[in-house]
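Here are the chains, one letter per residue:
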Protein chains: 4
Amino acid sequence: MKCPLWLQKEYLRSVIFDDETPAGRRFDIVLTIAIAVSLIILFVESIPALPLWLKISLGALEALLTVVFTIEYLARLYCAESRRGYALSGWGIIDLLAVLPPYLTYFLPGARYMLILRSIRFIRIFRIFRLFSFLNEGEMLLKAIGRSLHKIAVYFLFVLVLVICLGTLMFIIESGEPDSAFKDIGTSIYWAITTLSTVGYGDITPVTTVGRFLSSFIMLLGYTLIAVPGGIVTASFIDTTNDPVRNGRCPRCDAKVRKGDKFCSQCGEKL
Amino acid sequence: MKCPLWLQKEYLRSVIFDDETPAGRRFDIVLTIAIAVSLIILFVESIPALPLWLKISLGALEALLTVVFTIEYLARLYCAESRRGYALSGWGIIDLLAVLPPYLTYFLPGARYMLILRSIRFIRIFRIFRLFSFLNEGEMLLKAIGRSLHKIAVYFLFVLVLVICLGTLMFIIESGEPDSAFKDIGTSIYWAITTLSTVGYGDITPVTTVGRFLSSFIMLLGYTLIAVPGGIVTASFIDTTNDPVRNGRCPRCDAKVRKGDKFCSQCGEKL
Amino acid sequence: MKCPLWLQKEYLRSVIFDDETPAGRRFDIVLTIAIAVSLIILFVESIPALPLWLKISLGALEALLTVVFTIEYLARLYCAESRRGYALSGWGIIDLLAVLPPYLTYFLPGARYMLILRSIRFIRIFRIFRLFSFLNEGEMLLKAIGRSLHKIAVYFLFVLVLVICLGTLMFIIESGEPDSAFKDIGTSIYWAITTLSTVGYGDITPVTTVGRFLSSFIMLLGYTLIAVPGGIVTASFIDTTNDPVRNGRCPRCDAKVRKGDKFCSQCGEKL
Amino acid sequence: MKCPLWLQKEYLRSVIFDDETPAGRRFDIVLTIAIAVSLIILFVESIPALPLWLKISLGALEALLTVVFTIEYLARLYCAESRRGYALSGWGIIDLLAVLPPYLTYFLPGARYMLILRSIRFIRIFRIFRLFSFLNEGEMLLKAIGRSLHKIAVYFLFVLVLVICLGTLMFIIESGEPDSAFKDIGTSIYWAITTLSTVGYGDITPVTTVGRFLSSFIMLLGYTLIAVPGGIVTASFIDTTNDPVRNGRCPRCDAKVRKGDKFCSQCGEKL
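Residues numbered from 1 in each chain as written. Chains lettered and ligands numbered in written order. Predicted model: local features only at pLDDT ≥ 70, side-chain atom pairs only at ≥ 80, totals over all residues. Heavy atoms only, no water.

Some details on the overall build of chain A
Point 1. For chain A, the helix and strand inventory stands at 12 helices and 0 strands.
Point 2. Secondary structure elements of chain A occur, N-terminal to C-terminal, as α-α-α-α-α-α-α-α-α-α-α-α.
Point 3. Sorting the 271 residues of chain A into buried and exposed places 45% on the buried side.
Point 4. Taking contacts inside chain A between residues at least 6 apart in sequence as the whole, the part at least 24 apart equals 54%.
Point 5. For chain A, the exposed surface amounts to about 14,000 Å²; the carbon and sulfur share of it is 68%. (Helix = DSSP H or I, 4+ residues; strand = E, 2+ residues; numbered from the N terminus. Buried < 20%, exposed > 50% of the residue type's maximum accessible area, 1.4 Å probe, protein only. Contact = heavy atoms within 4.5 Å. Areas by Shrake-Rupley, 256 points an atom, 1.4 Å probe, with all protein chains shown as cover.)

Below is the structure:
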């Protein structure tokens, strides 16, 4: 007796793991929708006063999806080239964690921990990226950001030191007031970050004249500093956008390249 | 007997549809003012406690404008090259919708639906653009944005995924507090968008220490990410501003062009 | 009998109107300090519960400064090359307005109007710019902004139309709620500007789910659009910073210039 | 008898002052951790309702750290090449101030002043920078900012003048309202800064129609102006990033340089 098509390992593998065959793409789309539905259930279930019939329907749908995800996980395990390799890989662990939560309900009654476990299912949404041909653009963007990561790290360290200084200073100025919202230095640093990043919730605001002077200074500083990482990324981005060979430099290692070169002679980067 | 000038189709058409003859421009200006006045009436009528005499005057003015717009619509229909073509075109439908609402009052008593219909009149304000010679600049701006649309789409997808992750995480952290403003995951995601975009209303704010730590992280992230689309658009804008021929590349298809070329040999774009 | 030095028109003129002689600079510095002190008095007097002795001292100091400014105005009138020309020039009118308010107290008793008149004195602080050699930098900045003014105007028109649309839409969505803060369309447009510009006061916030969805969209839009004028100005700025002759174009009229040219052959701009 | 190694001046100096030997780096890391712990104690102690046992433990740990810092200060004094030079240098004074506070408790009972003194210990955290090889990036960033400092100063002066004008105007408009939050001109200027910088706390908000119109204008202005310093820094940054020799100009003094030059012939800057 011949094994049915959907049980043959090679065929199953091409559907589940490959995203370039039509069947593989269809499988990815169905899976993405299933994950999105599972997420929406998670969001809706978090609303406190929900009618009973909706609670029960959502629970049933969630149970169904868990069964689907369990079958998918077992199928992946079954047709993976190396079962051990898949089970211990990043995606393998995430797929397992996405399936486990409902089964754990019988052992771990704490609803809080359940929520965390079920949120992990969210990570699977990243499979969505396989569906798009955006990746070239995204890669370019990440490259530009990656190349300026060092500069951004210095900038962040600078902002952090600034915020600790200004928060402490503000605590010294404002904490003397009765009913001050600047209760401790931690809160003051939180306020300084809120202000410097121009978010400005307004739950903590200065009331003394000196405090308002300092706040104004922090605001104008934040107003100016907000542009710096943009400048860094833009400068890097323009470099990435430019034709590397016309610049005469390798985009990865910055070594000189000649006009006809197809690969960098120093680091092998494709030009 | 000769037909009076203002009833001759050709003359009427040149006034109503053409925006380059002096009469056509004057007509456009008067029409734009009429639409603006109609809008201001809409805005003022939305104020709850209005004295009776003002309500009546506004109603009368609105009725007058409706008559004017009706005549205009009929005139457009009368002198259009193809009546059917105009009536079914985008502008034709908008012009009709701008005229209908007051007549519908007798049939549809719901004030809410009236408001929506009357708001449609607003779309006509876009006729204002015909008055300005700005269009070259605007086109250039839109081109620069259009060319970087793919990159911006990737960026938005990234921000969306980020916001869902951070919102869910924040719900797990903050929802345990009594009287927490993070009532459900949807609200938490809304909060995450408010914070990441540095808007910071302050109607929902974290109160736990861990929540404030995470908030600070989101703020600083938003503070850095805010600059990325700017970088993308700027890089594209600089490319658009530069003389394409001096760059030696076609601005549309990026193919190489020679110095004397007036059109791109690949896509026919005028250089 | 010889006229004393400080009454000779030429000497007085060089002190008052010239800002390159040492005496002229010293006069400018003293005048700037006097204006600043006058401003600080204006600010302090606006504080509601002020002790009587401070009120009287500030009043006396203000009276003294008014006498000084009156003498200065008369001196300017006395030594100006054309008295009529100075009196009717922009600075001449501002100088007069800066002097008048205290004298008008006897005729106009309304404190509110007084405040406006006295605020005009503030315009004189712009004389401060004469003290700095910043002007080259500032001129360059203004040039860069000026060259991209058309593009910024298009952008603003676009933002305005957007904000009116979104504000009206938000009013339709939110005004049905009891105790809604979206009282009329004007308030809703004000809210839309607050949100799009990422200011986010939090005095008006959406409470419905649909309203929060639309808000999130506006925030992310504002988050992206915030970068556009920056891109425009930056692109223009880079153009202004670059050596015009190396670009082979005149910075004013964009005509081609040759390498040795000192002036643009088309518009006479110095290169 | 031979002096033990850790008492030999040369060895001690290489450990304490040098950050390139392995022992010196280890010393720096330990010191940085000690300063960070001291800071965390400062933050935690600022929380109002702290259990007694924690207060005592923190006090003991702080006392221990003070002894460590005292020994470190004496060791620095002992092995410095010029004791007087170190004691009077910036770092020397900061190190002394970091050690003094606890000893001063016996003389100055005011807790407020203690807090200020103990905060100074914070400045020592800047030693952290010695641990990183970031400095090249940071230097480049600071250079780019430094080169555009003049332009940023002009921009700030402009923003300041704008904010004073708008704040005064807003006070005139809003102060007539009962229970207005615009209590005096100082508060109004503070509000104008909050709004222009897009922070928007919401503790002070306009309630009149005219006030909201002006606010909207300020927001849109701030929304546009926020990008200007970014443009300035970016333009400067791109200049700094570009290969100076290919630009044909020295990055420091902007003099022309030839292609093979290794140093600027005017200012000696290494190219």
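Here's the deal with unusual backbone geometry
Point 1. Notably, A:Thr198 is not glycine yet its phi reads approximately 60°, a positive angle.
Point 2. Of note, A:Thr198 is situated in the loop between α9 (185-196) and α10 (209-225).
Point 3. Under the relative-accessibility criterion, A:Thr198 is labelled buried at 0%.
Point 4. Although it is not a glycine, B:Asp179 sits at a positive phi angle of roughly 55°.
Point 5. For B:Asp179, the position within the fold is in the loop between α8 (149-174) and α9 (185-196).
Point 6. Given a relative accessible area of 80%, B:Asp179 falls into the exposed group.

Details of the packing of helix α1 (residues 9-16) of chain A against helix α2 (residues 22-45) of chain A
Residues and elements named next belong to chain A.
Point 1. Packing of α1 against α2 leaves a shortest axis separation of 7 Å and a crossing angle of 55°. By the criterion of interaxial angle, the relationship of α1 to α2 is oblique. Residues Tyr11, Ser14, Val15 and Ile16 of α1 form the contact with α2, whose participating residues are Ala23, Gly24, Phe27 and Asp28.
Point 2. A class-by-class count of the residues in the contact of α1 with α2 yields 5 nonpolar, 2 polar and 1 charged. (Axes fitted to C-alpha atoms, helices over the stretch in contact; angles between N-to-C directions. Parallel < 35°, antiparallel > 145°, perpendicular 65-115°, else oblique. Nonpolar A, V, L, I, M, F, W, Y, C, P; charged D, E, K, R; others polar.)

Digging into the confidence of the model for chain A
Residues and elements named next belong to chain A.
Point 1. Chain-level pLDDT for chain A is 75 on average; 68% of the residues reach the 70-or-more range.
Point 2. Looking across chain A, the model is least confident in helix α12 (residues 244-247), with a mean pLDDT of 44, and most confident in α9, with 91.
Point 3. Per-residue pLDDT stays below 50 along residues 242-247; that stretch engages in 11 contacts with residues further than four places along the chain or on separate chains.
Point 4. Predicted as a complex, the structure gets a pTM of 0.77 and an ipTM equal to 0.73. (pLDDT = per-residue confidence, 0-100.)

Considerations on the side chain of A:Glu174
Residue and element names in this part refer to chain A.
Point 1. Relative to the elements of secondary structure, Glu174 occurs in helix α8 (residues 149-174).
Point 2. At 6.7 Å, Arg212 is the nearest oppositely charged side chain to Glu174, a buried residue that forms no salt bridge.
Point 3. Leave out the neighbours within four places in its chain, and Glu174 touches Ser180, Phe182, Pro206, Val207, Thr208 and Gly211. (Lys, Arg positive; Asp, Glu negative; His and termini not counted. Salt bridge = Lys/Arg side-chain N within 4 Å of Asp/Glu carboxyl O.)

Remarks on the pattern of salt bridges
Point 1. This structure, assessed with the given rule, holds 8 salt bridges over all chains.
Point 2. Between A:Arg76 and A:Glu72 there is a salt bridge, with its nearest N and O atoms 2.5 Å apart. Here A:Glu72 and A:Arg76 lie together in helix α3 (residues 52-79), a separation of 4 residues that amounts to about one turn.
Point 3. Given a relative accessible area of 1%, A:Arg76 falls into the buried group.
Point 4. Judged by its relative accessible area of 6%, A:Glu72 falls in the buried class.
Point 5. Here B:Asp95 makes a salt bridge to B:Arg76, at a shortest N to O gap of 3.6 Å. With B:Asp95 in helix α5 (residues 90-104) and B:Arg76 in helix α3 (residues 52-79), this pair connects stretches of sequence that are 19 residues apart. Of the two residues examined, B:Asp95 and B:Arg76, each falls in the buried class.

Some thoughts on a nonpolar patch on the surface
Residues and elements named next belong to chain C.
Point 1. On the surface, Ile29, Ile33, Val37, Leu61, Leu64 and Val68 cluster together to form a nonpolar patch covering roughly 480 Å² of accessible area.
Point 2. Going through the elements one at a time, α2 (22-45) and α3 (52-79) are the ones with two or more residues in the nonpolar patch.
Point 3. Relative to the helices and strands, Leu64 is located in helix α3.
Point 4. With relative accessibility at 53%, the residue Leu64 sits in the exposed group. (Patch = residues over 30% accessible without salt bridge, like charges linked within 9 Å, V, L, I, M, F, W, Y side chains within 5 Å.)

Quick notes on the packing of aromatic side chains
All names here are of chain A.
Point 1. This model, assessed by the stated rule, comprises 8 aromatic pairs over all chains.
Point 2. Note on Tyr73 and Tyr86: the rings are 6.0 Å apart at their centroids and 40° apart in plane angle, and the pair reads as tilted. One end of the pair, Tyr73, is in helix α3; the other, Tyr86, is in helix α4 (residues 83-88), with 13 residues separating them in the sequence. As far as the burial class goes, Tyr73 and Tyr86 line up, both buried.
Point 3. With 5.2 Å between their ring centres and 70° between their planes, Phe182 and Trp191 make a pair best called edge-to-face. Both residues of the pair, Phe182 and Trp191, belong to the buried class. (Phe/Tyr/Trp six-rings, centres within 6.5 Å; stacked < 30°, edge-to-face > 60°.)

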